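These are the residues of each chain, in order.
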Amino acid sequence: MDKILAKAKRTKEYLNEYYIEIKKNDFKEVCSYLSHDKNAILRMMFGTDEREIDGTFKIYSVFTIYGNERFFIIYFSLTEEDNAFPSITHDIPAAHWYEREIKDMLGLIPDGHPDTRSLVFHDAFPKDSYPLRKDWNISDADLEEWGKGIAKKRPYNFMEVKGEGIYEIPVGPVHAGIIEPGHFRFSAVGETIFFLESRLFYTHKGTEKHFEKLGFTEGVKLAERISGTSSYSYSCAYCMAVERMTGAEITEKAKAVRTLLIELERLYNHIGDIGNMCAGTGLQVGYAKGAAIKESLMQLNERLTGSRYLRGVNIIGGVNKDILLCKDDIFSTLSMAIKKYKELMKLLLGTVSHVERLENTGRLSKEIAQKLGVTGVAARASGIEDDLRKTHPHLLYERLAFEEHVMSKGDVLARMMIRAEEAECSISIISSLLENKYKGDPAVQPNNIPGYSSALGFAETPHGSLFFWIKADKNGRPLRVKFRSPSFCNWPAVPFAVHGNIVPDFPLCNKSFNLSYSGCDM
Amino acid sequence: MIKEILKNLLTKKSAIPFPEDFKGNNEMLEIISSKKKIETGFKRSIKIRQVDSGSCNACEWECTALSNPIYDIQRFGIDFTASPRHADILLVTGPVSRQMELALRKTYLAMPEPKLVVACGDCAIDGGIYKGSYAVTNGAANVIPVDCCIKGCPPSPSDIIQALKKLLDALADNKAQIK
Ligand code: SF4
């Protein structure tokens, strides 16, 4: 670390966030040192428009080192005239989408990036228009043209594979089933996928900018609506960031409620996902059983919180309901669910045709997963130990005894098994949470948000690690709300996993990753 | 077989119940299309094409849940279809992001007449929480003509079934009280 500190202009430590300011020209070297010598993971990278504070834009990159609870936040400044920075994508492939996103949203140029196409905005979005700049404006005519989508202001060249017998299959954005929109181009030889390029961001809703408009309290509602099936994790991470900004510590009881609900969310997602994978192999009975267990858990959610997606419980400073009072209901529903779930797993693992389809399909190697910074179930199935619950204990996780599940094969079966084991683990966590008593009120009155304060919030969602980084302006209103969904770093890994598989297996691979489009598209 | 039935009766094996409020809540549905259009002849079987126009995915999951063994929407003669060419109803979720606007329009145009458009969820009705963001068009009605709205964020599967059933009744006997 001394090597980096020697280059630091300024450092600041806040909770477990270690801010290190460096010079722009040292950026490449520092990142390379962290990533190669220290084995650090690039967790996120983003730009901010802080011209109202000191006349500069800033680029932040957040690293974590295995076995170290700190977040290393490396940052440097750029000005409007001098708006290029050295790209680190060649060295750290995980940075490639972040850098393209910074370019699209803020107009800061990653110098030497191998792919300069627009990531976020599609063909008809005006050129040289950067929504996250504070002085950004767009005319109604431009907006209308963007919606109509005909004018090619940012032509996108799909990568092409040429050669005898290779043909292209375009799919989407509107798909046959009830799923989210995205566009995929397969280059196939016969049935085998040779190359896949995905184009996402159809559901781009300007969420990060919208946060700035809503303010911190309303922001909880928006955070819950970034990605439907992880609503609760998102609001936890968001509230955590804001609470850390104010310096408030939530009570033990609030922590217990949050831990319980976040585990309930993991449980219904994992069981639902296992059931959905059966739809990919045509095992209807497995699909129906999975869906039925999921439904009973969703109805439990509704009885507990009034929302099937656990919305409206988190508030800044704690929770507004004491879920722990509904102990009996949780116990009885879970004991029924676990019985049915065990039956389901027995059925699935005993069905040879199902297991054979999953085995060796959609393999993601550990090497690629590591390079791309893959997270969550996908990472753990490829042999990477990455679970924020263990590495950065938050809520009550420090006190709870549970195991981290890792497998090495990286195929669809491994991803299913990780889900299966984690679901059982969640049930035991919930039961042990219900056995204890916790002190304190469900919520504390939050302090005012100090001007220019900033903080990180994080959570382990059912899909992987999620981060929020929030900064306030001088009046304590949001200046920048950045989030990094787990899907954002897992999407680029999907083409690597499906390479060499047959086209009909793509939905199965896709289901095994189960990525959110809305969360990724911001 | 008889043994199984007896066993079930004796052990009182219970299925996952329907949510209790299944029969309540009449405010879920708002039919806004003209009477004339309603009279143009659907009977008691409809095919729905669902399009996600930028939703948070919770609305979709509720639509998916309609086909699970608890709700089993097919028994009402309602089913989802893959092709817009087979569809009678276009069910839109999400606030219609600008990058999905074209795709939504194209799907609508690909459907044969007569057709109805249902906006499902607060987002699809007026943008919901995303109202006012630069990247959304604040609801499906700003892009294609909407005939009927199902409120909720997300509307639960029972809300959706109930709304669709009411719509079907209205279509079938023409006596609907159209607001
Ligand atoms: S209405 Fe609510 S649940 Fe539906 S897409 Fe919008 S935010 Fe998501």
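A. Fine view of the packing of helix α11 (residues 327-350) of chain A against helix α16 (residues 412-435) of chain A. Residues and elements named next belong to chain A. α16 packs onto α11 with a crossing angle of 160° between their chain directions and a minimal axis gap of 11 Å. By the angle between their axes, α11 is roughly antiparallel relative to α16. The handedness of the crossing between α11 and α16 is left-handed. Of the residues in α16, those in contact with Lys327, Ile330, Phe331, Leu334, Ile338, Tyr341, Lys342, Met345, Leu348 and Leu349 of α11 are Met416, Met417, Ala420, Glu421, Ala423, Glu424, Ile427, Ile430, Ser431 and Leu434. For the contact of α11 with α16, the per-class residue count stands at 15 nonpolar, 1 polar and 4 charged.

B. Layout of the nonpolar core. Counting 171 residues, the largest nonpolar core has Tyr238, Leu260 and Phe468 of chain A as its most contacted members. It is helix α9 (residues 252-281) of chain A that contributes the most residues to this core, 13 residues altogether. Not counting chain neighbours up to four residues away, the residues in contact with Tyr238 of chain A comprise Phe211, Gly215, Phe216, Gly219, Val220, Ala223, Phe468, Ile470 and Val481 of chain A. Core analysis: the next-biggest nonpolar cluster, separate from the first, contains 25 residues, Cys120, Cys148, Ile150 and Leu171 of chain B among them.

C. Spatial organisation of the packing of α9 of chain A against α16 of chain A. Residues and elements named next belong to chain A. The N-to-C vectors of α9 and α16 enclose an angle of 150°; their axes lie 9 Å apart at closest approach. On the basis of the axis angle, α9 is roughly antiparallel to α16. The handedness of the crossing between α9 and α16 comes out as left-handed. For the pair α9 and α16, contact is made by Ala256, Thr259, Leu260, Glu263, Leu264, Arg266, Leu267, His270, Ile271, Asp273, Ile274 and Met277 and by Val412, Met416, Arg419, Ala420, Glu422, Ala423, Ser426, Ile427, Ile429, Ile430, Leu433 and Leu434, respectively. Here the contact of α9 with α16 is composed, by residue class, of 16 nonpolar, 3 polar and 5 charged.

D. Layout of the pattern of salt bridges. Residue and element names in this part refer to chain A. Counted by the stated rule, this structure contains 47 salt bridges over all chains. Between Lys153 and Asp142 there is a salt bridge; the shortest N-O distance is 3.6 Å. Of this pair, Lys153 sits in the loop between α5 (140-148) and β8 (166-171) while Asp142 sits in helix α5, and the two are 11 residues apart along the sequence. On the basis of relative accessibility, which here comes to 23%, the residue Lys153 falls in the partly exposed class. Among the residues examined, Asp142 registers a relative accessible area of 23% and is labelled partly exposed. Measuring nitrogen to oxygen at the nearest pair gives 3.3 Å for the salt bridge that ties Glu144 to Lys148. A residue pair is termed a helical-turn pair when its members lie 3 or 4 positions apart in one helix, as Glu144 and Lys148 do in helix α5 at 4 residues. Overall, Glu144 belongs to the partly exposed group, its relative accessible area being 48%. Lys148 gets classed as partly exposed once you look at its relative accessible area, which sits at 35%. Overlapping salt bridges, with partners in common, bring together Glu263, Arg266, Arg380, Asp387, Arg389, Glu422 and Glu460 in one network.

E. Seen up close, the environment of Ala8 of chain A. Residue and element names in this part refer to chain A. Locating Ala8 in the fold gives a position in the loop between α1 (2-7) and β1 (10-14). In sequence terms Ala8 and Tyr19 are 11 residues apart; their C-alpha atoms lie 9.8 Å from each other. Not counting the four nearest positions on each side in its chain, Ala8 is found in contact with Ile20, Glu21 and Ile22.

F. Structural context of the site of the ligand. What surrounds the ligand is the set Arg225 and Arg311 of chain A together with Ser55, Cys56, Ala58, Cys59, Gly121, Asp122, Cys123, Gly152, Cys153 and Pro154 of chain B. More than one chain lines the surroundings of the ligand; the residues nearby belong to chains A and B. At the level of secondary structure, the elements contributing two or more residues to the shell around the ligand comprise α3 (58-65) and α5 (122-126) of chain B. Looking at the shell around the ligand residue by residue, the classes come out as 6 nonpolar, 3 polar and 3 charged.

G. Local environment of the packing of aromatic side chains. All names here are of chain A. Counted according to the given criterion, the structure contains 33 aromatic pairs over all chains. Look at Tyr268 and Tyr309: their rings are 6.5 Å apart centre to centre, the planes differ by 80°, and that puts the pair in the edge-to-face class. Here Tyr309 lies in the loop between α10 (284-305) and β11 (314-315) and Tyr268 lies in helix α9, a separation of 41 residues in the sequence. Ring geometry for Phe458 against Phe467: centres 6.4 Å apart, planes inclined by 45°, an arrangement best described as tilted. By relative accessible area, Phe458 is classed as buried at 3%. Put simply, the rings of Tyr19, Phe46, Tyr60, Tyr75 and Trp469 pair up and form one aromatic cluster. Directly above the aromatic system of Phe158 lies the positively charged group of Arg185, at a separation of 3.9 Å from the ring centroid.

H. Up close: the interface of chain A and chain B. If you look at the interface, chain A gives 52 residues, while chain B gives 47 residues. The contact between chain A and chain B buries some 4100 Å² in all, and 59% of this surface belongs to carbon and sulfur atoms. Seen at the junction of chain A and chain B, the total is 1 salt bridge. Here Arg308 of chain A makes a salt bridge to Glu62 of chain B, at a shortest N to O gap of 2.7 Å. Mapped by element, the contributors of at least two residues to the side of chain A that touches chain B are α5, α6 (207-214), α7 (216-224) and α10 of chain A.

I. Structural detail: the pairing of strand β4 (residues 56-64) of chain A. All names here are of chain A. When you tally the buried positions in β4, you get 9 out of 9 residues, the bulk of the element. Residues of β4 alternate between two faces, with Thr56, Lys58, Tyr60, Val62 and Thr64 on one and Phe57, Ile59, Ser61 and Phe63 on the opposite face, all of them buried. Two strands pair when backbone bridges link them, and strand β3 (residues 41-50) and β4 are joined in this way by 9 bridges, in the antiparallel orientation. For Met44, the partnering residue across the bridge sits in β4 and is Val62. Following β4, the chain reverses through 6 residues before pairing antiparallel with strand β5 (residues 71-78); Gly67 in that reversal takes a positive phi of roughly 85°.

J. Here's a closer look at the sheet that holds strand β10 (residues 192-199) of chain A. Residue and element names in this part refer to chain A. One open sheet accounts for 3 strands, arranged β8-β9-β10; its pairing is antiparallel. Edge positions in the open sheet fall to β8 and β10, since each of these has one partner strand only. Recorded for the sheet is a direction-independent mean angle of 20° between the axes of neighbouring strands. With 6 bridges connecting them, β8 and strand β9 (residues 183-189) associate as antiparallel partners. Residue pairing across strands places Glu168 opposite Ser187, the latter belonging to β9.

Analysis parameters
Residues numbered from 1 in each chain as written. Chains lettered and ligands numbered in written order. Predicted model: local features only at pLDDT ≥ 70, side-chain atom pairs only at ≥ 80, totals over all residues. Heavy atoms only, no water. Axes fitted to C-alpha atoms, helices over the stretch in contact; angles between N-to-C directions. Helix = DSSP H or I, 4+ residues; strand = E, 2+ residues; numbered from the N terminus. Parallel < 35°, antiparallel > 145°, perpendicular 65-115°, else oblique. Left-handed = near helix turned anticlockwise from the far one by under 90°. Contact = heavy atoms within 4.5 Å. Nonpolar A, V, L, I, M, F, W, Y, C, P; charged D, E, K, R; others polar. Core = buried A, V, L, I, M, F, W, Y, C linked by side-chain atoms within 4.5 Å. Buried < 20%, exposed > 50% of the residue type's maximum accessible area, 1.4 Å probe, protein only. Salt bridge = Lys/Arg side-chain N within 4 Å of Asp/Glu carboxyl O. Near = heavy atom within 4 Å. Phe/Tyr/Trp six-rings, centres within 6.5 Å; stacked < 30°, edge-to-face > 60°. Lys NZ or Arg CZ within 6 Å of the ring centre and 35° of its normal. Buried area = accessible area lost by both parts, 1.4 Å probe. Pairing = 2+ DSSP bridges.

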